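# Chain and residue survey
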Amino acid sequence: HEERMVRTAVRTIVLSVCKVAEAAVQEYVCGSGTLPQVLVAALLAEHERASEALARREGASVEAVEESLGRLLDEVYFVND
């Protein structure tokens, strides 16, 4: 999502669900093929945006490159959590 607050809220919810110590929830989360696919797709998308921003850095502002790299770093931290 483009809005940082929305991304933060969704990530908080996902992390909260993943940390529920109930066996059925853990089984569902660990057995889900969707969550890893979404995480990988998000990382790849942000990597692509960052690469594109860096490739056209002559025409892009420093702020655009920093924003793109910041979003990529956010995704990496989220996956790490």
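Now for a quick tour of the structure. Note that this is a predicted model, so its numbers are computed, not measured.

### Some points on the environment of L15
Within the secondary structure, L15 is located in helix α1 (residues 4-18). Residue class for L15 comes out buried when judged on its relative accessible area of 18%. Residues L15 and D81, spaced 66 residues apart in sequence, show a C-alpha to C-alpha distance of 7.5 Å. Excluding residues that lie within four positions of it along the chain, L15 makes contacts with F78 and D81.

### Section: the pattern of salt bridges
Within the structure shown, the criterion is met by four salt bridges. Across the pair R11 and E75 runs a salt bridge whose closest N-O atoms are separated by 2.4 Å. One end of the pair, R11, is in helix α1; the other, E75, is in helix α4 (residues 62-80), with 64 residues separating them in the sequence. By the burial criterion, R11 is buried, and E75 matches it. As a salt-bridge pair, E46 and R71 come within 3.3 Å of each other at their nearest N and O atoms. Note that E46 is positioned in helix α3 (residues 34-55) and R71 in helix α4, a separation of 25 residues in sequence.

### A short note on the packing of α1 against α4
Contact geometry of α1 with α4 gives a least axis separation of 12 Å together with a crossing angle of 10°. With respect to each other, α1 and α4 are oriented roughly parallel. Every residue of α4 that contacts α1 at R4, R7, R11, V14 and L15 is listed here: R71, D74, E75 and F78.

### A look at the packing of α3 against α4
Taken N-terminus to C-terminus, the directions of α3 and α4 make an angle of 160°; their axes are 8 Å apart at the nearest point. The angle between the axes of α3 and α4 places the two elements in the roughly antiparallel class. Every pair of crossing elements has a handedness; the one defined by α3 and α4 is left-handed. On α4, the residues touching L39, A42, L43, E46, H47, R49, A50, A53 and L54 of α3 are V65, S68, L69, R71, L72, E75, V76, F78 and V79. Here the contact of α3 with α4 is built from residues that sort into 12 nonpolar, two polar and four charged.

Rules used throughout
- Residues numbered from 1 in each chain as written.
- Predicted model: local features only at pLDDT ≥ 70, side-chain atom pairs only at ≥ 80, totals over all residues.
- Heavy atoms only, no water.
- Helix = DSSP H or I, 4+ residues; strand = E, 2+ residues; numbered from the N terminus.
- Buried < 20%, exposed > 50% of the residue type's maximum accessible area, 1.4 Å probe, protein only.
- Contact = heavy atoms within 4.5 Å.
- Salt bridge = Lys/Arg side-chain N within 4 Å of Asp/Glu carboxyl O.
- Axes fitted to C-alpha atoms, helices over the stretch in contact; angles between N-to-C directions.
- Parallel < 35°, antiparallel > 145°, perpendicular 65-115°, else oblique.
- Left-handed = near helix turned anticlockwise from the far one by under 90°.
- Nonpolar A, V, L, I, M, F, W, Y, C, P; charged D, E, K, R; others polar.

These figures capture arrangement, not role.
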